Amino acid sequence: MFGTRASTVSDDLSSSSSDSSLSSDAGDGGNRARPSDCSGLSSMMHDYVGDERSSVLSEVGAANDMPSASAATNGLSPVQEKTKKKPRIVPKTKKAPTNSQPKPLVEGVTQEELNTKPKKRMVEGATVYIRDPHYSWVPATIESPEDDKNRVKVRVRLPGDWGEQTVAATGRGAQNMKMERLVKLSDYVNDELPLQNLERDGVTVSGKDDMADLTNLHEAAILYNLKARHAESLPYTRVGDILVAVNPFRWIKGLYSEEKQDFYAKNLIWQAKVKDLKARSSMRKTKALATAASEKKAVGYEYEKLGINPHVYETSSLAYLGLAVEGNDQTIVVTGESGAGKTETIKIVMNHLATVERSRPSWPESDRIVASEHGADTVNRVLKANPLFEAFGNAKTLRNDNSSRFGKFTQLQFDVESSAAAKSGGRDIPSCQMAGSRCITYLLEKSRVVGVSEGERTFHVFYQMLGAPDDDKRTIWDGLIGASASDFSYLSQATPECFDGLASPENWADTVAALSVFGVDGEMFLDVMRSLCIILLLGNIAFEEETHDGEERAVISSAKELETLSSLIGVSSADIEAALTKRFMTTRGEEFTIYLSANGAKDGRDALAKEIYARVFDLLVTKCNEATEPQDAASNEYGTISLLDIYGFESFKVNRFEQLCINYANERLQQKYVMDNFAAIKSEYEDEGINVFDFSLVDNTEVLQLLEGKLGLITQLNEECVKKMGGDEDFVYKLKVVNSDSRRLITDPRHRPYEFGIRHYAAPITYDARRFMERNLDKIPKDLLECACQSTNSVIREEFQRLQSLPGTPQAGGLKKRSAATKNFVVSKFRKQLTSLMSLIEESRTRYIRCVKPNKDMTPRVLDHSHTTSQLESAGLVTAIVISRESFPNRLSYELVMERFRFLAASKFRGTMHLDSGDIKGDAETLLDHLLEGVTADSHLGRVKPFACGKTRVYFRAGALEAIETVRQGYYAEAAIRLQAWIRSLFGRRQYLTLKNGMVLLQSEARSWLVRTAFTRNVRNAIVIQCFVRKSLARRELVRRREDHAATIIQTRQCFDRMVMSKKAFAVKKKELAEQRAMDSRMSVIQQTFDDATTIQGTVFSVDEGLLDEVEMMFDFLRKEIVVLRKKNTKLKKELAEAESDKQEIFNHASSVDHAFALSKIRNEQMSKTNVALLNDNNKRRLDVNKLKNELKTQQQAHEGQLQEMRTEFEMALRHRDMEMKSIQQNLHSSAAVHKREVQSVRDEAERKQEEHYTQINRLREEIKSTQNTHQDYLSKLMDVLETTNESRKTISAPSADMVMQKKDDEIAELRDEIAKLSQSTGGEENGEVDARRKKEAARSMKYIVKKNREGRKSRVQELGSLATQLEDCMTTGDFARMQRTVLSLKEAIRVGEKMNSKMDREMVGMIDNAASYLSSQGGSAMSDAATLATENHKLRRKLEKKQTCKKCGYRKRGGSDTGSILEGVNEHES
């Protein structure tokens, strides 16, 4: 099952003749005798190699011994050549001479084997794993080889993704991992560190699908392989025939799709070879059951070639295949701690098994539809049980949001078709139709009903009921309307008010639907839900104590809740109160009334609530079984595939009765697993005369004997429960006394009277036996039982009446009475159930799925090393490693060994070995001794011989047979190489002659072709030159013509423009002339009108001549004015035209300015980018400059800080400048005068600040110049180089410090110019000087504080040393009073200056506080403790004198062994 995959000779011979049969498994070890199907250790345990192997050899013949030419070069296929590794075998240090005759091997492990010292593998540079207190195992490299004290120096090498994939450990020293360590090899198995698995190129192997492929298989290799696969979201891994499922804490897309189900069903079921399966099935009927590894071979193809990765569907498909073809019942055991994913795994497997028949490819569609409809109702009922059990049996815990709080054994029942019926129907694989299921539950955690820990919740169904619709609440009980979890005492302990997951109200409908499927509807549904309400109301019943006649009696203080409970349960309030607060006892015919205390009444109330819920849960299990189990189950035998979901091994701070039962069940399962792997081979080893290894390494029979033996724990607990005055401490005392000789019982003097320990297969566990008897009895008081029987709730009444009909617990008396009494105890019933369960499992083929919880925070792709390692131990994987190391996975008969490897003696040892003695066993042993000379194998006893000779067979340890096969394949490879060399020489000579003749012909053809090509090339070149000359001449002519044409066009356009302008001027003149003529004509008309007006009908009136003259003068004036206005108008038009032209020129100028501004902006951005690039380049080059001189580094850092401050000041100045400009623009609109004053004030302020900034810049420049004085020689030499190589400065890899300083001078000059233009200063230098002064002052104060602390610590250490010496004297002399005074003085001394105490000081304060409180409280008993402490102190001092090196930090004590010097050494560690 584990270790290097074993190879079978028959498969080797059958597959060596064909390259296509070679496996592409990259995980096979190096130089393996592949072709071989590495089917694991477990397959070798059950897949026997008998006489049929010899018959296969005789049929195959000697032809198969010669490999093909393509594989003969190295004895491996091309795929194996890429993936080959060294086998897991180690050569010895000394090699015996070739001609020496080794002694025959004695059966088993001899003293000679144990004395054989192998070659050291702990050499310098070896990659190993070492133990770590915080991370279990960490990778490391050996820095120095083993010394005389059996130690090696290693260096921890953490991978780059360590922080992303690893949960950071907490605790003292976890954050400061010590990278260099001195490791004792004696602390490890076989005095060797576990080696890492490396590829040929030195890369660590990780993420293997099957960890049996790992060359070095150990706990660390399994841990890191699981970690690598978990980081890649690959949750499943094979470990032989065990499937390890790591909870990914997220749903992986496509991992459980229908296509994935069909893929596994197709490749593992429907394409299986039935003949091979039946042949192996017949073999197993006489020997042993099959394992998953052997079934891989039986299928007839290799997983890796088909891309079949480990998956839970692989386990379910193989279980279905085993049931259909072989007719064997199957069992899948799923274990793991809470939160590991057991419940989800069971659901996935059940869903796949219920629907796998629908994926059969050979059935017609019509038959498939009929079969689907036929089984749809059954499958639906089976799958509907999951949400029902999750609602009533699952709850949120600190480790898991959906933790199963009960064990479940589900038997899926299938109607298996016979082989004859399948053959007549044309089906290779018989049909298996699901007919039903049956469920058995174990260990329901009913105590969760009445109380949960902080952060946990009770069962999901209570929260679903509170979140149900109001109509459903009103139907069940109107008190639920508007109620929340805080209204009920049993539910208010859960911290969150908002419930999610399966406890959310959305799942109420699913639960109701699941109940209806199993017939829980109508009145029964209401009774079930009202039973839950009764439980909640019981939790609200409160009790108080009242004194009657000096006796404390319990009284119900919550009258309202009592009335509500009475109306719901259907029992009067008086009867309920009497049952809860009183006990009625009858003795000798007289009845007595015992009044309970408040605590006793609460215990009775809680017991009733727990029993009601347990009865409801059992009722639902019964209903599920009635609905899913076939009606003819009693008469018809169905095949079963069983699924066991049970708690994994549990170990808490306080382990109680429940943990004992859970670990007891896991011990039984572990024994089943061990016996499956050793039952067959153990007897075979004994028959063959081979010493069986120490079976106690993996056997847990002693633990089971301690638990269930005649005088074991179960018997003692039951006996104590039968007794009248039995107690938990009496039970523990008797257990330790009766089983004092058991190695598995831990008797620690530090245990309290109620504590005991057991060394389980996974880890030692200490149990707290308080309330063991109460929980084992699990008995409800008679008064409460009678009260519940009176209930009107049919569920409660019928279930409690059934409970009442069971026989009670008789008093201690005869043996028969006690035996009858113990049958109803919890542990006895659980033992009976467990025995029945194991008998069912033993009759079936068992498969294992180990669920692992990678971390406690439920974070994807992150693994907690310590937590995962403890689960690997609990899951039995470490035990499996021991199995793989101690067993013999390969076996061959003596005849087969001689036939297969005899020729190697003649070829390799050449006459030095004689194998014709007539004793085939001795000859085979001699041959193997020589072939495996210098080879050893791992064992718990150290390095032993890699093989053992039995009576009829030779048994090989892991890797031994592969080593011999490698030698054999190497011999064939050499022979094949010689044959190939001869054949190649013939082909090469023939090919040479052919090539020579052809080459002569080719040369003649080539020469002619070269001459023709040269001539053609010359002609083409001449044509090209001519074309170029003509093109140049034509281009010149074209340019000239284009210039003439362009000039003509320009002249034409100018003439046209002048013509247009003349036309416009002519039109203007013409228009003016027309207006003048019109004015003249109008004036003449007016004159004529005036003349006519003076003469009327020939009569001439006399007109004032003066008026006429004045009018004429006015007209003349107007004419002149018009002429003047026309001239002005003309002038204005000219000015307007000139203004328009000026405007156009201004517009063009503005456009050019805008463009120039845009270009300057772009240039500025480019300069900024260049500046950023230069700054980045400057930062890179600064690193190189820092290496030149430490002093220059300090100066440049200060210089860079100043530059950064100047940049910050520059940015602040820009922002401040923008704000001022905005405010100035706003004020410009209000008043011009204010604007002028503000501008003037701003200018004055800017000039003043500019002067200040100039002063600052000059001062900075002087400082920079003073910094550069030591580099002037370099600057003068490099100035010319900097000017000429400005463009190529990026290509310079390591510029000198002077170039960097020159560049910074240029940057300072640019910043100075920009700051001068902006006229803004920041005053940052003053702040920088203030900060520098503050830092200097802080440094001086820190030095003073450190000096003061050192002086105080030194004086305090001296005082503590003297007090510690006094305390030693007191402890030696036994002076208790003086010891107490010394401890108080020591406590007061440590308290002084507590603020400067280190972590060690704080721990010392706590220790001395505990000592002082102990001395003050214990009084006289402390004297004996002081004497004991003094003795221990002397022992420790003697150890310190011998070994004066601190293990934690490597501190070497300088001298002396008194306590004062030790304290001084501790102080030196801290400082």
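What you see is a predicted model, and the numbers here were worked out from it, not measured in a lab.

Rules used in this analysis
Residues numbered from 1 in each chain as written. Predicted model: local features only at pLDDT ≥ 70, side-chain atom pairs only at ≥ 80, totals over all residues. Heavy atoms only, no water. Salt bridge = Lys/Arg side-chain N within 4 Å of Asp/Glu carboxyl O. Buried < 20%, exposed > 50% of the residue type's maximum accessible area, 1.4 Å probe, protein only. Helix = DSSP H or I, 4+ residues; strand = E, 2+ residues; numbered from the N terminus. Phe/Tyr/Trp six-rings, centres within 6.5 Å; stacked < 30°, edge-to-face > 60°. Lys NZ or Arg CZ within 6 Å of the ring centre and 35° of its normal. Patch = residues over 30% accessible without salt bridge, like charges linked within 9 Å, V, L, I, M, F, W, Y side chains within 5 Å. Areas by Shrake-Rupley, 256 points an atom, 1.4 Å probe, with all protein chains shown as cover. Lys, Arg positive; Asp, Glu negative; His and termini not counted. Charge placed at Lys NZ, Arg CZ, Asp CG, Glu CD. Core = buried A, V, L, I, M, F, W, Y, C linked by side-chain atoms within 4.5 Å. Contact = heavy atoms within 4.5 Å. Pairing = 2+ DSSP bridges. Axes fitted to C-alpha atoms, helices over the stretch in contact; angles between N-to-C directions. Arc of directions from axis to C-beta.

(A) Expanded view of the pattern of salt bridges. All told, the structure shown has 39 salt bridges when counted by the stated rule. Between E445 and R448 there is a salt bridge whose closest N-O contact spans 3.3 Å. There is no split in this pair, since E445 and R448 are both buried. Here R953 ties to E688 by a salt bridge, and the two come within 3.8 Å at their closest N and O atoms. Linking R953 in strand β26 (residues 953-956) with E688 in helix α24 (residues 657-688), this pair joins segments that are 265 residues apart in sequence. Summarising the burial analysis for this pair, R953 and E688 share the class buried.

(B) Focus on the packing of aromatic side chains. Applying the stated criterion to the full structure yields 27 aromatic pairs. For the ring pair Y135 and W162, a centre distance of 5.3 Å and an interplane angle of 65 degrees mean the geometry is edge-to-face. On the criterion of sequence distance, the pair formed by Y135 in the loop between β2 (127-132) and β3 (136-144) and W162 in helix α6 (residues 162-165) is long-range, its members being 27 residues apart. Here Y135 and W162 have matching classes, each one buried. When the ring of F657 is compared with that of F772, the centres are 5.5 Å apart and the planes differ by 80 degrees; the resulting orientation is edge-to-face. Of this pair, F657 sits in helix α24 while F772 sits in helix α28 (residues 772-777); the two residues are 115 residues apart in sequence, bridging distant segments of the chain. Classification of F657 by relative accessible area gives buried; the value is 4%. Across the ring face of Y595, the terminal group of R553 is positioned such that the distance to the ring centre comes to 3.6 Å.

(C) Molecular detail of a nonpolar patch on the surface. Together, L711, Y733, V737 and V738 give the surface a local cluster of nonpolar side chains, amounting to about 400 Å² of exposed area. With respect to the helices and strands, L711 occurs in the loop between α25 (701-708) and α26 (713-722).

(D) Representation of a negative patch on the surface in the model. A cluster of acidic residues, E1135, E1138, D1142 and E1145, forms a negative patch on the protein surface. Among the structural elements, D1142 can be located in helix α39 (residues 1105-1188).

(E) View of the nonpolar core. Counting residues in each nonpolar core, the largest one holds 95 residues, and the members touching the most others are I130, L193, F731, F756, I758 and F772. The biggest single contributor to this core is α24, with eleven residues. With sequence-adjacent residues up to four places away left out, I758 is seen in contact with L660, V703, L706, L707, L713, R744, I746, A763, P764, I765 and Y767. One finds F389, V449, C624 and A788 within the second-largest nonpolar core, a separate group that totals 77 residues.

(F) Region of interest: the sheet that holds strand β25 (residues 947-949). Taken in spatial order, the three strands of this open sheet run β22-β26-β25, and their pairing is antiparallel. Single-partner strands in this sheet number two, and they are β22 (890-893) and β25. Between one strand axis and the next, the sheet turns through 20 degrees on average, direction left out of account. Alignment of β22 against β26, held across four bridges, turns out to be antiparallel. Across the sheet, L892 pairs through a bridge with V954, a residue of β26. Running at roughly 85 degrees to β22, helix α35 (residues 894-901) makes contact with β22, β25 and β26 of the sheet.

(G) Spotlight on helix α27 (residues 728-738). For α27, the full list of buried residues reads D728, F731, V732, L735 and K736. All buried residues of α27 project into a common sector of 125 degrees when viewed along the axis, lining one side. Buried residues along α27 sit in contact with α26, β18 (745-746), β19 (755-759) and α28.

(H) Local environment of the pairing of β3. Across the nine residues that make up β3, a large majority, seven, are buried. With six bridges joining them, β2 and β3 adopt antiparallel strand pairing. The residue bridging Y129 from the neighbouring strand is P139, located in β3. The pairing of β3 with strand β4 (residues 151-156) spans four bridges and is antiparallel. Considered in β4, the bridge of A140 is made with V156. The hairpin formed by β3 and β4 contains six residues between the paired strands, and N150 there has a positive phi angle of roughly 60 degrees.

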